[in-house]
Amino acid sequence: MTSLIWRMTKDGGGMKTDKNGTEQTLYRLGLAAILVVAAVLFLIKWFRIPLSGPLFACPIYSLTGLFCPGCGGTRAFHLLFQGKVLASVLCHPLVVYGLALYVLFMGSHTLKIFTCGKIKGFAYRHIYIKIAVAFLILNVLVKNLAWIFWRVNLIEWASAL
């Protein structure tokens, strides 16, 4: 199925892109991401890597005691796939935001390819990146301020929900 879609995007598949082909490139990267995730899941299953305990400690948190921009991301994915959307957003809002954008973009462009352009795809806008950066900055500020002033670890607190 993925190779069929890949071949269709090779010829454009109903995608009218800008002169740089940004949306077509993003779509191909999205297809590649599916393959990478499938390979990682296969390796996790094949080598029986336990995902229940801590995989690794954040070096920034270990050294400084402060949360980095990525702290809470792995836990947010884990909580999201358990169906705990609110806890996932509290651990790291960028995970839910990014996954929602990914599903909208990939789903709409797949429909665009199969309908030969009759259905418009979700257009890429630079504002999506700016929103993601704002989420990262707010995430770091809120978690670290809660820790510094009130000694509340929001990642642990959200995981207990």
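Everything here concerns the structure above.
Residues numbered from 1 in each chain as written. Predicted model: local features only at pLDDT ≥ 70, side-chain atom pairs only at ≥ 80, totals over all residues. Heavy atoms only, no water.

*Asks:* Would you mind going over the overall build of the chain with me for this structure?
*Replies:* Within the chain, the secondary structure is distributed over eight helices and zero strands. Mapped from its N terminus to its C terminus, the chain presents α and β elements in the order α-α-α-α-α-α-α-α. For the chain, the proportion of contacts with a sequence separation of at least 24, taken over those separated by at least 6, is 57%. Carbon and sulfur atoms make up 72% of the accessible area of the chain, which amounts to about 11,000 Å² in all. (Helix = DSSP H or I, 4+ residues; strand = E, 2+ residues; numbered from the N terminus. Contact = heavy atoms within 4.5 Å. Areas by Shrake-Rupley, 256 points an atom, 1.4 Å probe, with all protein chains shown as cover.)

*Asks:* Explain helix α4 (residues 73–81) here, please?
*Replies:* Since the α-helix advances by 3.6 residues per turn, residues separated by three or four positions end up pointing in the same direction. Residues G73, A76, L79 and L80 constitute the buried set of α4. Down the axis of α4, the buried set is contained in an arc of 120°. They therefore lie on one face. Away from its buried face, by an angle of more than 90 degrees, α4 presents the exposed residues T74 and F81. For α4, the elements touching its buried residues are α5 (85–91), α6 (93–114) and α8 (154–159). Immediately beyond the C-terminal end of α4, within one or two residues, lies G83, with a positive phi of roughly 90°. (Buried < 20%, exposed > 50% of the residue type's maximum accessible area, 1.4 Å probe, protein only. Arc of directions from axis to C-beta.)

*Asks:* In this structure, what is going on with the packing of α6 against helix α7 (residues 126–150)? I would like to understand it.
*Replies:* Across the interface, α6 lies against α7 with an axial gap of 9 Å and an inter-helix angle of 165°. By the angle between their directions, the pair α6 and α7 is classed as roughly antiparallel. The handedness of the crossing between α6 and α7 is left-handed. Counted together, P93, L94, Y97 and L101 of α6 and Y128, I131, A132, F135, L136 and N139 of α7 form the full contact between these two elements. For the contact of α6 with α7, the per-class residue count stands at nine nonpolar, one polar and no charged. (Axes fitted to C-alpha atoms, helices over the stretch in contact; angles between N-to-C directions. Parallel < 35°, antiparallel > 145°, perpendicular 65-115°, else oblique. Left-handed = near helix turned anticlockwise from the far one by under 90°. Nonpolar A, V, L, I, M, F, W, Y, C, P; charged D, E, K, R; others polar.)

*Asks:* How should I be thinking about the nonpolar core in this particular structure?
*Replies:* The nonpolar side chains of a soluble globular protein tend to be buried with one another. Among the nonpolar cores identified, the biggest contains 12 residues, and these are C58, F67, C68, C71, A76, L79, L80, A87, C91, V95, I155 and A158. Mapped onto this core, the elements with two or more residues apiece are α4, α5 and α8. Counting residues per element, this core draws most heavily on α4, at three residues. If near-sequence neighbours (up to four positions away) are discounted, F67 is found in contact with Y61, V140, K143, N144, W147, N153 and I155. Formed by five residues, the second largest nonpolar core is a distinct cluster that contains Y27, L31, F105 and M106. (Core = buried A, V, L, I, M, F, W, Y, C linked by side-chain atoms within 4.5 Å.)

None of the figures reported here should be taken as evidence of function without further support.
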